[in-house]
Amino acid sequence: MVIDINPLMGATARPPVMEAMRWLDTTPLPPDYSLLNLSQAAPVAPPPAPLRAAIAEFAINDPQAHIYGPVLGNDELRCEIASSWSAAYAGGIGESQVAVTSGCNQAFVAAISVLAGAGDSVIITAPWYFNHRMWLDMMGIETRVPAATPDLVPDPEAIAALVSHSTRAIVLISPNNPTGVEYPARVMREVLETARKRGLALIVDETYRDFDSRTEPPHDLFTDPDWPETLIHLYSFSKAYRLTGHRVGAVIASGSILAEIEKFLDTVSICPGRIGQHAALYGLRNLGEWLAGERREILRRRQLVEEGFSGQDAWRLLGCGAYFAYAEYPFALPSDQFALRLLEERAILTLPGSMFGQEDGEHDPCRQIRIAYANADAAGIADLFARLDGFCPAGS
């Protein structure tokens, strides 16, 4: 007898990165190439040596490393986040408006769980971050998506037009995953005003903010003294300090929202990992110069990717920034088939646009892929474009 499962879970797409990794089990690579894995937007190198030493010292010598902590995170880290963010955004953020989560994905699901339930709707942009869409589907929340603009910057008017009595939140990601596009501060402000007027939450996911190319604050939302009435900000320490395995994120919101989020976190993880929190605190206090160097390197790789695509006939670079390039290829193959051809014929593993909501159709197929270049150095990026030169997939 087969056990019945929750139909909402059954109807939710499988994790895209895991699906792409399974392609490696069934797809023979061409003999002339080694695998060039450009599928996952997370650092694969370990944290810098001083941070690893701090983690080891804490784990060995501090008993607090191994016991439960506060549900909303350690006070020291919450205070440091509030101070650092207030300085970075020229705004006013207090410790009581900060919660630490087990990664940024948990920050998102906690916020959504507080704001919406089955039958409600949430507005996200296309192409979307697949884990956001997956959680909405699991919850039975309707996803509303404005049409993508040519420059992939959200249209505030199109977002406003989708708001209805069932809408509970608007979600923006900047720099964007999967496109890398950095949203202008003007657009962020316009969407905030729409959310405020309609009594909605604006959730802003800034997982990749440390690699934004702009030197000024990316928006002025925290300068608004009334920001807690509308804004919920999400962040991840995974990318900044290479702490992916430690799962440390943050959510910044009003005290009343965090009081509800605390209920969610207490039933899911009880508290964020103490070692990861210690690492994040060490990073904030000691690794500013190191992180600035990481940002410069990512921006250098971005430039190399942009230059590489400029030499590719008929390809179109739709967006590039943070860890990503989002590109349109010139072949009449749906994106899932094209991604497999890239793997089979050039040993390049990327993610198809269909995994980000750009649905393939028989007569008008999506012809987009996401290339995550953060783990490809200059030689790896040069290798990518050498493999793409003259590439014409079988069946196109």
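Residues numbered from 1 in each chain as written. Predicted model: local features only at pLDDT ≥ 70, side-chain atom pairs only at ≥ 80, totals over all residues. Heavy atoms only, no water.

**Q** Account for helix H5 (residues 104-115), with residues named and values stated.
**A** The first and last C-alpha atoms of H5 sit 17 Å apart over 12 residues, in line with the 16 Å expected at 1.5 Å per residue. Within H5, 9 of the 12 residues are buried, which leaves it mostly tucked inside the rest of the structure. All buried positions along H5 are accounted for by Cys104, Gln106, Ala107, Phe108, Val109, Ala110, Ala111, Ile112 and Leu115. (Helix = DSSP H or I, 4+ residues; strand = E, 2+ residues; numbered from the N terminus. Expected span 1.5 Å × (residues − 1). Buried < 20%, exposed > 50% of the residue type's maximum accessible area, 1.4 Å probe, protein only.)

**Q** So, the packing of aromatic side chains: which residues are in play, and what are the values?
**A** Per the stated rule, a full pass over the model turns up 21 aromatic pairs. Arranged with centres 5.2 Å apart and planes meeting at 45 degrees, the rings of Phe211 and Tyr323 form a pair that is tilted. Of this pair, Phe211 sits in the loop between strand S6 (201-205) and strand S7 (231-236) while Tyr323 sits in the loop between strand S9 (316-321) and strand S10 (324-328); the two residues are 112 residues apart in sequence, bridging distant segments of the chain. Residue Phe211 is classed as buried on the basis of its relative accessible area of 2%. Classification of Tyr323 as buried rests on a relative accessible area of 3%. Judged by centre distance (6.3 Å) and plane angle (15 degrees), the ring pair of Phe237 and Tyr241 falls under stacked. On the basis of relative accessible area, Phe237 is assigned to the buried category, the value being 0%. Since its relative accessible area comes to 4%, Tyr241 is described here as buried. Three or more aromatic residues link up through ring pairs in this structure, and these residues are Phe309, Trp315, Tyr329, Phe331, Phe338, Phe385 and Phe391. Taking NZ or CZ as reference, Arg209 lies 3.9 Å from the ring centre of Trp85, over its face. (Phe/Tyr/Trp six-rings, centres within 6.5 Å; stacked < 30°, edge-to-face > 60°. Lys NZ or Arg CZ within 6 Å of the ring centre and 35° of its normal.)

**Q** Explain the environment of Pro154 to me, using residue names and the numbers behind them.
**A** With respect to the helices, strands and loops of the structure, Pro154 is situated in the loop between strand S4 (142-144) and helix H7 (156-161). Separated by 36 residues in the primary sequence, Pro154 and Glu190 have C-alpha atoms spaced 10 Å apart. Setting aside residues no more than four positions away along its own chain, Pro154 makes contact with Thr125, Ile159, Leu172, Tyr183 and Val187. (Contact = heavy atoms within 4.5 Å.)

**Q** Please provide a residue-by-residue account of the packing of H5 against helix H10 (residues 255-268), values included.
**A** Between two packed helices, both the angle of their axes relative to each other and the distance between the axes serve to describe the pair. Two numbers describe how H5 lies on H10: the axes approach to 9 Å, and their chain directions differ by 120 degrees. As for how H5 packs across H10, the hand of that crossing is right-handed. The segment H5 lies against H10, with Gln106, Val109, Ala110, Ala111, Ser113, Val114 and Leu115 engaging Ile257, Glu260, Ile261, Phe264, Leu265 and Val268. In terms of residue class, the contact of H5 with H10 is made up of 10 nonpolar, 2 polar and 1 charged. (Axes fitted to C-alpha atoms, helices over the stretch in contact; angles between N-to-C directions. Left-handed = near helix turned anticlockwise from the far one by under 90°. Nonpolar A, V, L, I, M, F, W, Y, C, P; charged D, E, K, R; others polar.)

**Q** Residues and numbers for unusual backbone geometry, please.
**A** Cis geometry marks the peptide bond from Ala126 to Pro127, where omega comes out at -5 degrees. By the secondary structure assignment, Pro127 is in the loop between strand S3 (121-123) and helix H6 (130-139). Here the residue pair Ser174 and Pro175 is connected by a cis peptide bond, since its omega of -10 degrees sits within 30 degrees of zero. Residue placement: Pro175 occurs in the loop between strand S5 (167-173) and helix H8 (185-198). Positive phi, normally seen in glycine, also occurs at Ala314, with a value near 75 degrees. In this structure, Ala314 sits in the loop between helix H12 (288-310) and S9. On the basis of relative accessible area, Ala314 is assigned to the exposed category, the value being 59%. Residues other than glycine seldom take positive phi values, yet Ala322 does so here, at roughly 50 degrees. Checked against the element boundaries, Ala322 lands in the loop between S9 and S10.

Honestly, it's all geometry; don't read function into it.
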